[in-house]
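# Summary of structural features
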Amino acid sequence: MTPQKSHYEEILADCSDHLGAIALLKQYRSYLEMIPSMRRPSESVITIPLPLIRVRQVPPSGVGISTGEMIRLPCDVAVLMCDPEWKIKTGAEIFVFIHRPDEDFSDLLSRWRQTQMHLDRGYEWMMPDRHRHILSEGSDEVHPLFVLFAETPERIQRGLRGACLPFVVQMAMEGDSEENPFGLTDALSSEIFGLDEI
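Nothing here was measured: the structure is a model prediction, and the numbers come from that model. (Residues numbered from 1 in each chain as written. Predicted model: local features only at pLDDT ≥ 70, side-chain atom pairs only at ≥ 80, totals over all residues. Heavy atoms only, no water.)

It is possible for side chains bearing opposite charge to pair when their charged atoms get close. Scanning the model with the defined rule gives 11 salt bridges in all. Of the charged contacts, one joins Arg29 and Glu33 as a salt bridge, the two residues approaching to 3.4 Å between their closest N and O atoms. Residue Arg29 is classed as partly exposed on the basis of its relative accessible area, which comes to 48%. Measuring nitrogen to oxygen at the nearest pair gives 3.0 Å for the salt bridge that ties Glu43 to Arg40. Within the structure, one salt-bridge network assembled from shared partners comprises Asp76, Arg100, Glu103 and Arg111. (Salt bridge = Lys/Arg side-chain N within 4 Å of Asp/Glu carboxyl O. Buried < 20%, exposed > 50% of the residue type's maximum accessible area, 1.4 Å probe, protein only.)

Put into structure tokens, the structure is as follows:
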């Protein structure tokens, strides 16, 4: 059994908002600790669904891509960190890969490998309008996070473990409505805002 398209779309929609992205990162503590300030989440986390980058330089083997070209990364959401005091992007960048319907292990892993290849060329982000003032140069500190579902085949978990790649399994929450079966944006309790600044 594979995840339904609606499952994918729900997680993508939730992670497009900084609160949903933080709720997801709560499930993988080492990434949550990269957030500059938990007391100012809206200024500390920038989410870019289906992100675009502009390639700065192309190696001699870069067939079909030219310098300055804009390309879409094969990840689902980019989560960028921002210093809320200085209003500058920090080094850490997290790339979220949500298991898509009918996608097998090799397809999912290939999306991460393709992302790595694109990022190796030097790049800058096409930032959302409200964050255009922030320096958008890419970073060398890139981290993947794979989002799986209860319906995801077990071999995908096994493969990600073998490749030493981090993943979380997103379960539907009991009592959630059909409009939000995973409840990422609702999963943030007041405790997240009570944590000390990281």
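Let us look at the sheet that holds strand β2 (residues 52–55). As summarised here, the arrangement of the 3 strands in space is β3-β2-β6, forming an open sheet in which the pairing is antiparallel. A single partner strand is all that each edge strand has here, and the edge strands are β3 (70–72) and β6 (123–125). Adjacent strand axes in the sheet meet at a mean angle of 35°, parallel and antiparallel pairs treated alike. Relative to β3, β2 is paired through 3 bridges, and the arrangement is antiparallel. Along β3, the bridge assignment pairs Ile53 with Ile71. (Pairing = 2+ DSSP bridges. Helix = DSSP H or I, 4+ residues; strand = E, 2+ residues; numbered from the N terminus. Axes fitted to C-alpha atoms, helices over the stretch in contact; angles between N-to-C directions.)

Another point: the nonpolar core. Of all hydrophobic cores here, the largest spans 26 residues; its most connected members are Phe95, Trp125, Phe146 and Leu160. Every element with two or more residues in this core is listed here: β1 (45–49), β2, β4 (77–83), β5 (88–98), α5 (105–119), β6, β7 (142–149) and α6 (154–162). With 4 residues, the top contributor of residues to this core is α5. Residues in contact with Phe146, not counting those within four places in the same chain, are Phe97, Leu108, Trp112, Leu160, Leu165, Pro166, Phe167 and Val168. Core analysis: the second largest hydrophobic core is formed by 24 residues, Tyr31, Ile94, Ile98 and Leu145 among them. (Core = buried A, V, L, I, M, F, W, Y, C linked by side-chain atoms within 4.5 Å. Contact = heavy atoms within 4.5 Å.)

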